[in-house]
Structures are given as C-alpha cells and as structure tokens.
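Examining the three-dimensional arrangement
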Amino acid sequence: MVWFGPVELLERIAAHPVAIEVASLAALGLGLLALHLLTRRILVRWIEKWVLRSSTRWDDALHDEEVFDRLIALLPAILGWYGVRLLPGISETVQIVGGRLALAMMVLFGGRAVIALLSAANDIYAENPENRDRPVKGYLQVVQIIVGVIMGVLILAILLDRSPVIFLSGLGAMTAVLLLIFRDTILSLVASVQITGNDMVRVGDWIEMPQYGADGDVIDVALHTVKVQNWDKTITTIPTHRLISDPFKNWRFMSLSGGRRIKRSMFIEMSSVRFLEPEEIERFRSFALIDDYLDAKTREIDTDNQGRTGDTNLNPNIRRLTNLGTFRAYVEQYLKSHPQIHATGMTLIVRQLAAGSEGIPLEIYCFTKTTDWAAYEGIQSDLFDHFFAIAPDFGLRMFQSPSGADVRALSSSD
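Residues numbered from 1 in each chain as written. Predicted model: local features only at pLDDT ≥ 70, side-chain atom pairs only at ≥ 80, totals over all residues. Heavy atoms only, no water.

For the rest of this paragraph, the subject is the overall build of the protein chain. Along its length, the protein chain carries 17 helices and eight strands. Residues counted as buried form 32% of the 414 residues belonging to the protein chain. A sequence separation of at least 24 residues applies to 64% of the contacts in the protein chain between residues at least 6 apart. Taken as a whole, the protein chain presents about 24,700 Å² of accessible surface, with 61% of it coming from carbon and sulfur. (Helix = DSSP H or I, 4+ residues; strand = E, 2+ residues; numbered from the N terminus. Buried < 20%, exposed > 50% of the residue type's maximum accessible area, 1.4 Å probe, protein only. Contact = heavy atoms within 4.5 Å. Areas by Shrake-Rupley, 256 points an atom, 1.4 Å probe, with all protein chains shown as cover.)

Okay, here's the thing in structure tokens:
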C-alpha cells in the first residue's frame, strides 16, 4: 500500500476537479452538521434555562411548541446558502443546485417555525380564562394549512427553478380535486365559524349526542374534531361539521340558569282514589302545609254546593274533596317550602296526567337551586322518598306491577 503525505495528497486532489468539489462539499456538510449539533447543545440548553427562570407564560409556550428549535435549525441552512458560493473549485452548476437546496431548507424550517408559532399563539390565547369561551384553534389550523401549502409551492418552485405563479395557476385546474380532498376541512371550517358565531359549543360544556355515544364535557374544539370526555372517562371524537348537521343537547344554559329540572311522575293506583270523609278533613288540618288549602277549598265547595239542585245528601249531586287532590296540593306546597327548590322565578307544577295501565301519573315539574349532579340527585331522591312514605297517610297506594312476593302472598291466602 502506498502512503501519501499531506502535500502529495493535496496535489493529487488538485489534479482532479471532481475530487475538489466532492471534498469541498463534504467539508461544508460536516461543518454545517457540527454547527447544527453545537447550536442545539449550547443555544437550546441556554434557552431552556432562560425559559425556566422567566416568570412569563409566552416563552414557555414557544419552548413547548419547539419554536426556538426550528428557528435555530435555520442557521446551518443560511450558512450553507452562503457557504456553497465561497467553496474553492466549485462549478457553477453545483453552486446553483446547492444554493437551491439550502434555500429550500430555509423555507422548510421557516415554515415549520411559523406553524409552531401559531400553535404557541393558541396555547397562550387559551391560557386566559376569558378566551376559553371563544376558541380560535380551528381558525389557526386553517392558517397552518395555508402556510403548509405556500411552503410546499415555494419549495417546488425553488427546486425546479420556476415561478411560484406557475404552480398557483396550476391549482386552478385542480380545484375539483382539491375540493374533494379537503371536503371535510372546508365543511369543518364553515362549521367552526357557525359554532363560534352562534356560541353553540364551548370548551367545558356538557353536551349529549346519542348518535355518537357522546355524553360529557367538551375538552377540545379543533378544526376537524370536537373531543368529548364522557362521564365514564372515555373520549368520543365528533367531526366538527356534525355539530351543525346533526342535533345535540347542550346543558350549558341549564348551568347558567342556576336551576336543574326535576320531571318525574308517581303512579297512583286507581282503586285507592276516593272522597274524603269530614273527620279525615279535620285530621288533615293538622298538616300545616295544606291548612290554608283546605280552608279555601272547603269554602269554595260549600259555596258551589249551595247553588246546586237536588238532594245534597247524595254524593253524586255535590262536590267533595278527594284524597288524590289533597295529596297533590300537599306535594305542591311541600315543594314550595323546600329550601332547595325554586319556588319563584322558575316553573313549579304538580299535575295529573292521563291515566293508563300503570295507574294515574302525578307528575312533578320543578327546578332545584343547584346544578351540581350529585346534589341534584340527592335532592330528587329525598323528595320522592318523602312522597312515597307520606302517600299512605292520604289513603293512596303507589302502583307496582305484581312481583313474585305478591304472587306468593296471594297463594298463601288461598
């Protein structure tokens, strides 16, 4: 094997122009690689320390989205663009090709830095509690897509040495294809504008969309999707445009109203409904909640009966109080006096619905003073516990389909 000294090696390389170009490009490439590693090791770590010491939030968002990393990556590309022209023995063709590659890398890293900057801007915007009701993530994602398209067009124009206008004019012929490809994006963009403009959905809203199995809190509103964390902690992803085309229920306004509706019926067994005897009416006067009701209703009935013809000693010829009507009045007064029920300002009704095979529905329609789910369920349960327990005092029975115990009781009585 023949060994050459440094001088002899340089002389042999100088005798071959191609070898000079290869050696120069290799040296430039190694230098740029070393610069890239050095800047990431020194500058990035210095920026991380600066971010940790800073008390502001914006620099944390820029660091988390790697904006600084992508900007630092621009430095080797810029030096490569200048350096390829200063290398000795480099042909004009290599200078042009190398310059184009370096310029394309500058556009690539710069575009990625802009995209990351938009993501950081969304993070900073969302940090403000006042802005959480007006998300801009969908709009920023559209801008990111536009930046990505422009970046791709510029890179192609640089590498092929053509004007970007040529590529942009060629997009006109591809409109139908682009509309097909970006159909969901266009629909989602229109939907995002409508959702934001009409204030239909915000992050933190409780929504129900049974067709997608969604029932929980909205945790993210993006361009293409809306993420809902269901009550079982699963995540349902809904296409944004579906919130415009499909129906859904938003419980936000219930929370804002300060009251949550109770709408539930008690089913009264028909055979237990009857007229009240005078002694029963006197006994019910000890119920403070319906004392005034009994006085007013008794006077009304007595006045009405005085104007009637026929034998007033017969029940069919006169009006009388019923145990079901008195119980309904008791339930209404109980709700009005309850400290956790809205007695004024919100609807409070105790009404009798059409009788059916399950008895006579006595529906309670009112609103609690809290919207907290657990507290609401507790109030509702306490109310109906009381009503079920007090109903026998009025001579009423709740309807219940015969169970195995009922069948055994009938068999043993025989």
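In this section: unusual backbone geometry. Even without glycine at this site, Lys 233 takes up a positive phi of about 75°. Tracing the backbone through its elements, the reader meets Lys 233 in the loop between strand 3 (225–230) and strand 4 (235–239). A relative accessible area of 62% means that Lys 233 is categorised as exposed.

Attention now goes to the sheet that holds strand 2 (residues 214–221). Here five strands make up an open sheet; going across it, the order is 4-3-2-1-5 and the pairing antiparallel. Both edges of this open sheet fall to strand 4 and strand 5 (249–250), since each of them pairs with a single strand only. By the bridge criterion, two bridges tie strand 1 (residues 206–209) to strand 5 in an arrangement that is antiparallel. Within the sheet, the bridge partner assigned to Glu 208 lies in strand 5 and is Lys 249. (Pairing = 2+ DSSP bridges.)

With that settled, the discussion passes to the pairing of strand 2. Bridging between strand 1 and strand 2 involves four bridges; their strand directions are antiparallel. Paired with Met 209 across the strands is Ala 214, a residue of strand 2. Two successive antiparallel strands, strand 1 and strand 2, enclose a turn made up of four residues, where Gly 213 displays a positive phi of approximately 70°. The hairpin formed by strand 2 and strand 3 contains three residues between the paired strands.

Quick look at a nonpolar patch on the surface now. A contiguous nonpolar surface patch, about 430 Å² in accessible area, is contributed by Val 97, Leu 101, Leu 156, Leu 159 and Leu 160. Taken together, the elements giving at least two residues each to the nonpolar patch come down to helix 6 (92–127) and helix 7 (137–160). For the nonpolar patch, the element with the highest residue contribution is helix 7, accounting for three residues. Here Leu 159 lies in helix 7. (Patch = residues over 30% accessible without salt bridge, like charges linked within 9 Å, V, L, I, M, F, W, Y side chains within 5 Å. Salt bridge = Lys/Arg side-chain N within 4 Å of Asp/Glu carboxyl O.)

A few words now on the environment of Leu 156. Among the structural elements, Leu 156 can be located in helix 7. Since its relative accessible area comes to 44%, Leu 156 is described here as partly exposed. In the structure, Leu 156 is positioned 52 residues away from Ala 104 in sequence and 8.3 Å away in space, judged by C-alpha atoms.

The next point concerns the nonpolar core. Core analysis: the biggest nonpolar cluster contains 33 residues, and Phe 327, Leu 335, Leu 383, Phe 387 and Phe 394 have the highest contact counts within it. Among the elements of the structure, strand 6 (260–268), helix 13 (278–284), helix 14 (291–306), helix 15 (323–337), strand 8 (360–368) and helix 16 (373–390) are those that each provide at least two residues to this core. Discounting residues that sit within four places of it in the chain, Leu 383 has contacts with Ile 262, Tyr 334, Leu 335, His 338 and Ile 341. Ranked by size, the runner-up nonpolar core spans 11 residues in total, among them Val 201, Met 209, Val 228 and Ile 238. (Core = buried A, V, L, I, M, F, W, Y, C linked by side-chain atoms within 4.5 Å.)

Under the definition given, this model contains 11 salt bridges. Glu 300 is the partner of Arg 319 in a salt bridge, and the nearest nitrogen-oxygen pair spans 3.2 Å. Taken together, the residues span a long stretch of sequence, with Arg 319 in the loop between helix 14 and helix 15 and Glu 300 in helix 14 at a distance of 19 residues. A salt bridge links Arg 351 to Glu 363, with the shortest nitrogen-to-oxygen separation between them at 2.6 Å.

Each aromatic ring pair is specified by the distance between its two centres and by the angle formed by the two planes. Using the criterion set out here, one finds 15 aromatic pairs in the structure. Relative to Phe 387, the ring of Tyr 334 lies with its centre 5.4 Å away and its plane at 75°, an arrangement referred to as edge-to-face. With Tyr 334 in helix 15 and Phe 387 in helix 16, this pair connects stretches of sequence that are 53 residues apart. On the accessibility criterion, Phe 387 (0% relative accessible area) is buried. When the ring centre of Trp 251 is taken as reference, the NZ or CZ atom of Arg 260 above it lies at 5.4 Å. (Phe/Tyr/Trp six-rings, centres within 6.5 Å; stacked < 30°, edge-to-face > 60°. Lys NZ or Arg CZ within 6 Å of the ring centre and 35° of its normal.)

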